[in-house]
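Chains, contacts and geometry: an overview
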Amino acid sequence: MKSAELLHRLAGGIFVLWLVSVLAFLMVQLVPGDAADMIAGEGSTEEQVAAIRAQLGLDQPVIQQYLAWTGRVLSGDLGSSVFSQTPVTELMLEAAPVTLSLAGVAIVIAIVLGVTAGAVAARKPGGWVDGIISSIATVSLAMPNFWVAMILVSLLAIANPWLPATGFAGLEEGVDVWLAHIIIPAAALGLHSAGELARHTRGAAADVFARPYVRSARARGATGWWLVRHHVVRNASIPVLTILGLQVGRLLAGVIVVEAVAGMNGIGTLAVTAISRRDFPVIQGYVLFCAVVIVCVSLVVDLAYTWINPKVRSAGS
Amino acid sequence: MIDTAGAASPRTDRDAGDSALLDVRGLSIDLVGDEQQRGLVEDVSFQVGRRRSVALIGESGCGKSLTAFALLGLLSRATRVSGGSALFEGVDLLTAAPQQLARIRGGPIGAIFQDPMTSLDPTMKVGDQIAESRRLHLGESRKTARKHAERLLDQVGIANAPERARSYPHELSGGMQQRVMIASAIACDCKLLIADEPTTALDVTIQAQILELLADLQRGLGLAVLLVTHDLGVVADFCDDIVVMYAGHVVERNSVDEAFARPRHPYTKALLGAVPEGREARAKLPTIPGRVPPAGSFPEGCRFQPRCEFAVAACGEPQREVEIEPGRHTRCGRVAHDLLQLEARGGTHDESSART
Amino acid sequence: MTTSSLESAEPVRRTARRGLVRTALRRPLPLIAFVYLVLLTLAALAAGWIAPYDPDVQSLAEVNADPSWEHLFGTDQFGRDVLSRMLFGARIALIAPVIALTAAVLIGVPAGIWAGLHRGWLDAVAGRLADTLLSLPGLVVALAVIAILGPGLWNVMLAIGILFAPYLFRIVRGVTLDVAAETYIESARAVGCGTWRIMWVHVFPNVAAPLLVQVNILMGISLLLEASLSFLGLGIAPPASDWGSMLGDAYRSQYQAPLAAIPPGLALCITVLAFNTLGDGIRDALAARRSR
């Protein structure tokens with residue numbers, strides 16, 4: 001891919017980030033009635049409300065608020081929590097390892113389970129193996145992930161005390177301890193994405209298997225595993241990659257609920273607490289964090305595309 | 001492997017029967033799950049002699065590509081071979097184990113297909129696709145196979161082979177893509193090349209170049225070629241023998257020269273009538289009225305009879321393939337019994353109409 | 001285009017749409033899903049009569065009781081009858097997606113038709129906004145809306161409606177662009193039909209089929225989202241019966257009653273599955289119709 005193309009994609013990503021930042025800024029403005037009053041809650045004194053108003057800059061004209069806010073955000077200052085007065089960046093950095101561990105393990109589970117199942121199902125579309133795998137995938141798409149987490153906790157942590165039911169342990173306490181804490185919520189989180197990936201992998205692989213170039217590879221004597229490794233994987237991964245990119249966004253949302261079930265203080269829990277308390281700086285930080293992750297992931301997906309698909313690669317040149 | 005090295009020289013060996021490289025007998029193909037077993041292809045027999053080129057011709061929907069795919073063991077899941085045999089160097093291609101077939105495909109039997117663009121893997125360098133055959137069959141390393149791929153590209157007339165080997169299919173023209181397909185098919189010294197409509201998707205000028213290349217390779221490497229086509233012009237330029245298929249049946253087998261001079265089946269004659277004299281007049285093809293009936297609604301008796309200008313009541317009876325002279329077979333009962341004498345163009349002597 | 005085909009084109013499309021659900025119901029799975037949803041609706045409507053207990057009445061004598069003949073699904077940590085709560089919860093499970101999708105349709109469809117007919121800079125801006133909203137995970141957008149409006153069932157449903165509007169906007173806009181390129185819209189304009197009349201008479205019938213498919217698929221997703229938000233305590237206020245908040249209650253008592261999560265979770269799962277299956281069935285029917 002030519003650098004012009006890359007710059008174009010980058011500009012698109014920055015535009016989305018800008019739009020999200022405007023929406024995040026407008027959140028406070030859109031609150032019906034007086035935002036400071038609402039944040040302070042009932043029974044608060046006049047001084048408390050005024051302090052919040054001053055902290056959020058609500059006493060200034062909107063344009064000025066926006067410019068000041070953008071300037072701060074660009075310099076990496078997301079403000080401080082209205083309640084604890086801790087800087088938002090500090091709160092997020094503290095919570096990030098939990099969320100990243102969860103999402104990371106979940107995506108690995110989703111890829112391993114989903115892609116394998118989809119590929120196996122695609123070998124004989126319409127066969128009984130395909131039927132079973134497709135049914136499981138369909139059912140997994142209908143299951144709420146927090147429910148799956150609860151069931152797994154009851155089975156593996158409460159009924160049988162094999163794994164810890166709640167809490168998080170950092171990697172510094174050992175990989176096994178870390179994994180033991182993370183595996184249940186990550187599996188619950190990854191299951192939905194695995195179902196989605198299995199469906200699309202099956203579709204993509206079945207499509208590739210029916211292509212003329214697979215027939216000519218067979219005509220060259222390629223069979224079985226060779227065929228899959230040299231022709232199917234690369235071609236089928238092009239559509240699957242798009243879905244994988246979307247799943248990262250899904251996981252980011254799913255993590256909110258699953259963290260609550262697993263009693264982990266990740267970014268999701270941070271967001272839920274902030275929302276129930278109307279802690280706008282934290283909420284804005286969370287929304288921006290999600291947007292940044294998603295824009296980065298879609299850029300990586302775009303790059304991976306051009307690496308896998310030579311047509312896209314030379315289209316830019 | 002059976003080696004019949006002592007075969008007579010190809011030009012005089014008209015009946016390739018015993019020494020044939022490929023001997024297809026009674027091949028039938030069914031739709032899977034069709035209880036009535038209405039064959040898509042029924043009782044197809046023909047031979048391909050060593051170093052000979054045989055045309056498998058007919059309009060689209062006649063079962064010629066199905067026949068070719070069946071020989072390669074590449075039928076889609078919806079269809080299956082329901083009978084017959086196809087001996088290639090002592091191995092029955094129709095009943096061989098999948099691993100054995102895989103060793104033959106890309107080895108002694110190479111194949112090229114209709115649309116080279118979609119027949120090449122878009123994500124793989126063309127050199128690697130050619131090298132794939134050598135790695136699979138000769139166990140060559142990636143590096144050695146690549147060297148051979150460059151040599152093969154050179155052999156099929158692609159200039160600047162080392163650089164071209166690193167191209168992706170979409171960076172090449174249609175003609176070059178088909179040359180790449182040919183190079184990958186002959187990469188392991190194949191003896192039989194099955195070419196399914198190899199020039200149909202190409203421009204007229206490129207068609208001629210590809211045919212010329214095939215002819216050169218055939219002579220140079222001593223290849224036998226089974227050419228599936230619907231274009232009699234291609235057959236006239238390139239082939240020794242002709243196998244005419246209509247609605248799943250072989251209706252005539254003959255040498256090309258003989259069939260063009262004196263067709264032994266009304267369908268062959270009709271096809272010849274549909275070919276313009278000068279090849280440049282291709283745009284205005286006179287066509288045979290009507291169309292090939294879909295499988296399952298074939299008429300009783302001779303399947304061509306509804307479209308045949310010579311049809312009589314007796315054509316409603318089942319017709320068998322008859323060898324009228326050595327190497328010449330017809331499925332037309334009236335031709336077989338000398339009731340009908342066909343000529344490529346113009347006057348045709350119809351005994352029965354003369355008598356009535 | 002002749003006058004006769006100008007007149008005949010529209011009615012054909014309309015009858016085609018009417019038969020879509022019927023075509024989908026000829027296959028067994030969509031039919032089962034449809035029958036289940038009808039039964040669930042009846043049960044929800046009749047919850048006041050058929051529920052054995054008042055869903056909100058607590059009984060500290062029977063806390064976390066196992067299933068028995070008195071309480072078929074047992075009781076929760078406040079001694080409330082689980083079956084009764086689930087029957088009343090079905091009301092929310094059905095109403096919530098309907099509210100959300102109504103909001104989404106009311107926002108997305110007129111905007112999409114308008115953008116498709118008029119194009120221009122407003123269309124470009126709306127398209128960008130829709131793309132941006134779609135690129136964010138649904139729950140995040142819903143949470144942001146709740147942060148503005150505050151928790152509660154109606155706000156949650158409105159949030160989901162806003163979240164889904166861009167999906168419908170994009171579909172409707174695309175179909176409208178296609179339809180607008182056809183001659184009869186031109187002639188309708190020439191005759192002097194106003195924009196809204198063109199939308200209603202000519203565009204809407206064409207949009208209806210793809211919209212129906214998308215709405216059915218979004219029903220399941222909106223139910224899952226509603227349950228997630230209620231589970232987090234951001235949705236419907238206690239003590240009202242809702243499957244999501246029942247799961248929240250079950251979570252808080254999971255050491256005392258590990259099985260409490262099963263009934264509401266299964267109900268949720270099956271209902272979402274039914275919405276999805278029906279949506280897939282209608283989509284397949286539409287695809288089959290198009291290929292014909």
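As annotated in an unreviewed UniProt entry, chain C is ABC transporter permease from Pseudonocardia zijingensis. Word for word, the UniProt comment on chain C under Sequence similarities (unreviewed entry) is "Belongs to the binding-protein-dependent transport system permease family." A UniProt comment under Subcellular location (unreviewed entry) is attached to chain C, and it reads "Cell membrane".

An unreviewed UniProt entry lists chain A under the name ABC transporter permease, from Pseudonocardia zijingensis. According to the UniProt record, the Sequence similarities (unreviewed entry) comment for chain A is "Belongs to the binding-protein-dependent transport system permease family."

Here the focus is the overall build of chain C. Regarding its fold elements, chain C presents 11 helices and 0 strands. Secondary structure of chain C in N-to-C order comes out as α-α-α-α-α-α-α-α-α-α-α. Projected onto the principal axes, the alpha-carbon positions of chain C cover approximately 80 × 45 × 30 Å. Out of the 292 residues belonging to chain C, those deemed buried represent 45%. Put simply, of all contacts in chain C between residues at least 6 apart along the chain, 69% involve residues at least 24 apart.

All right, on to the overall build of chain A then. Per the secondary structure count, chain A includes 13 helices and 0 strands. When the helices and strands of chain A are placed in sequence order, the string is α-α-α-α-α-α-α-α-α-α-α-α-α. Viewed in the frame of its principal axes, chain A has a C-alpha envelope of about 80 × 60 × 35 Å. In chain A, the share of contacts with a sequence separation of at least 24, taken over all contacts with a separation of at least 6, comes to 73%.

Residues and elements named next belong to chain B. Judged by pairing direction, the sheet is antiparallel, and its 4 strands sit side by side in the order 2-1-4-5 without closing on themselves. Edge positions in the sheet fall to strand 2 (41-48) and strand 5 (91-92), since each has one partner strand and no second. Here strand 1 (residues 22-31) pairs with strand 4 (residues 79-88) via 8 bridges, running antiparallel. Across the sheet, residue Val24 finds its bridge partner in strand 4, namely Ala86.

Bringing the sheet that holds strand 7 (residues 192-196) of chain B into the picture now. Strands in a sheet are paired, the pairing made by backbone hydrogen bonds, and the direction either parallel or antiparallel. Residue and element names in this part refer to chain B. Read from one edge to the other, the open sheet built from 8 strands follows the order 6-7-8-3-9-10-12-11, with strand pairing classed as mixed. Edge strands, defined here as strands with exactly one partner in the open sheet, are strand 6 (109-112) and strand 11 (322-325). Ignoring strand direction, the axes of neighbouring strands in this sheet form an average angle of 20 degrees. Note: strand 6 against strand 7, 4 bridges, orientation parallel. Each residue of the ladder has a partner; that of Ile109, found in strand 7, is Leu192. Each of strand 3 (53-57), strand 6, strand 7, strand 8 (224-229) and strand 9 (241-246) touches helix 1 (residues 64-72); the most contacted strand, strand 7, lies at about 145 degrees to it. Along the sheet face, helix 7 (residues 174-185) touches strand 6 and strand 7 and points at about 165 degrees away from the line of strand 6.

The next thing to look at is the domain arrangement of chain A. Residues and elements named next belong to chain A. One can read the domain layout of chain A as domain 1 (1-77 + 278-317) and domain 2 (99-264). Inter-centroid distance (C-alpha atoms) of domain 1 to domain 2 is 30 Å. Counting from both sides, the interface comprises 10 residues of domain 1 and, opposite them, 9 residues of domain 2. Residues belonging to the side of domain 1 that touches domain 2 are distributed by class as follows: 8 nonpolar, 2 polar and no charged.

This brings us to the UniProt feature "transmembrane region" (unreviewed entry) in chain C. Residue and element names in this part refer to chain C. With numbering matched to this structure, UniProt assigns "transmembrane region" (unreviewed entry) to residues 31-51, 92-117, 129-148, 154-172, 217-237 and 257-279. Between the C-alpha atoms that bound residues 92-117 there is a distance of 37 Å. The span itself is 100% helix and 0% strand. The span residues 257-279 carries 78% helix and 0% strand; its end-to-end C-alpha distance comes to 35 Å.

All names here are of chain A. Using the residue numbers shown here, the UniProt feature "transmembrane region" (unreviewed entry) corresponds to residues 12-31, 98-120, 132-158, 178-195, 251-274 and 286-308. Secondary structure across residues 12-31 comprises 95% helix and 0% strand; the distance between its end C-alpha atoms is 29 Å. Along residues 132-158 the backbone is 93% helical and 0% strand, and the end-to-end C-alpha distance reaches 30 Å.

Our focus in this paragraph is the arrangement of the chains. The highest contact count of any of the 2 pairs of chains in contact belongs to chains A and C. For the non-touching pair chain B and chain C, the nearest C-alpha separation works out to 18 Å.

A few words on the nonpolar core. Judged by nonpolar contacts, the single largest core of 279 residues is most densely connected at Ala149 of chain A, Leu192 of chain B together with Ala142 of chain C. The element that contributes the greatest number of residues to this core is helix 4 (residues 82-118) of chain C, accounting for 19 residues. Among residues more than four places away in sequence, those in contact with Ala142 of chain C are Ala159, Ile160, Leu163, Leu225 and Leu229 of chain C.

Often, the extent of an interface is quoted as the loss of accessible area on bringing the components together. Contact residues are listed per partner, giving 34 residues for chain C and 37 residues for chain A. Within the residue set of the side of chain C that touches chain A, elements represented by two or more residues are helix 5 (120-135), helix 6 (138-149), helix 9 (195-231), helix 10 (243-252) and helix 11 (262-291) of chain C. Per element, the largest residue contribution to the side of chain C that touches chain A is 8 residues, and it comes from helix 6 of chain C. Residues of the side of chain C that touches chain A, tallied by class, amount to 24 nonpolar, 9 polar and 1 charged.

The next thing to look at is the pairing of strand 4 of chain B. The pairing of strand 4 of chain B with strand 5 of chain B spans 2 bridges and is classified as antiparallel. Residue pairing for strand 5 of chain B: Phe88 of chain B is matched across the bridge by Val91 of chain B.

A word on helix 4 (residues 126-138) of chain B. Taking 1.5 Å per residue as the helical rise, helix 4 of chain B with its 13 residues ought to reach 18 Å, and the 19 Å between its terminal C-alpha atoms agrees with that figure. By the criterion of burial, helix 4 of chain B is predominantly enclosed, with 11 of the 13 residues buried. Within the span of helix 4 of chain B, buried status applies to Val126, Gly127, Gln129, Ile130, Ala131, Glu132, Ser133, Arg134, Arg135, Leu136 and His137 of chain B. The elements touched by buried residues of helix 4 of chain B are helix 9 (212-219) and helix 10 (224-262) of chain A together with helix 5 (142-155), helix 6 (161-164) and helix 7 of chain B. Following helix 4 of chain B by one or two positions, Gly139 of chain B adopts a phi angle in the positive range, close to 65 degrees.

On to the interface of chain A and chain B, then. The interface of chain A with chain B comprises 21 residues on the first partner and 26 residues on the second. The element contributing the most residues to the side of chain A that touches chain B is helix 9 of chain A, with 7 residues. Looking at the side of chain A that touches chain B residue by residue, the classes come out as 8 nonpolar, 7 polar and 6 charged.

Conventions used here
Residues numbered from 1 in each chain as written. Chains lettered and ligands numbered in written order. Predicted model: local features only at pLDDT ≥ 70, side-chain atom pairs only at ≥ 80, totals over all residues. UniProt positions renumbered as here; feature names shortened; annotations may be inferred. Helix = DSSP H or I, 4+ residues; strand = E, 2+ residues; numbered from the N terminus. Buried ≥ 20, exposed ≤ 12 C-beta atoms within 10 Å, placed from the backbone. Contact = placed C-beta atoms within 7 Å. Pairing = 2+ DSSP bridges. Axes fitted to C-alpha atoms, helices over the stretch in contact; angles between N-to-C directions. Domains from an automatic or database assignment. Nonpolar A, V, L, I, M, F, W, Y, C, P; charged D, E, K, R; others polar. Core = buried A, V, L, I, M, F, W, Y, C linked by C-beta atoms within 7 Å. Expected span 1.5 Å × (residues − 1).

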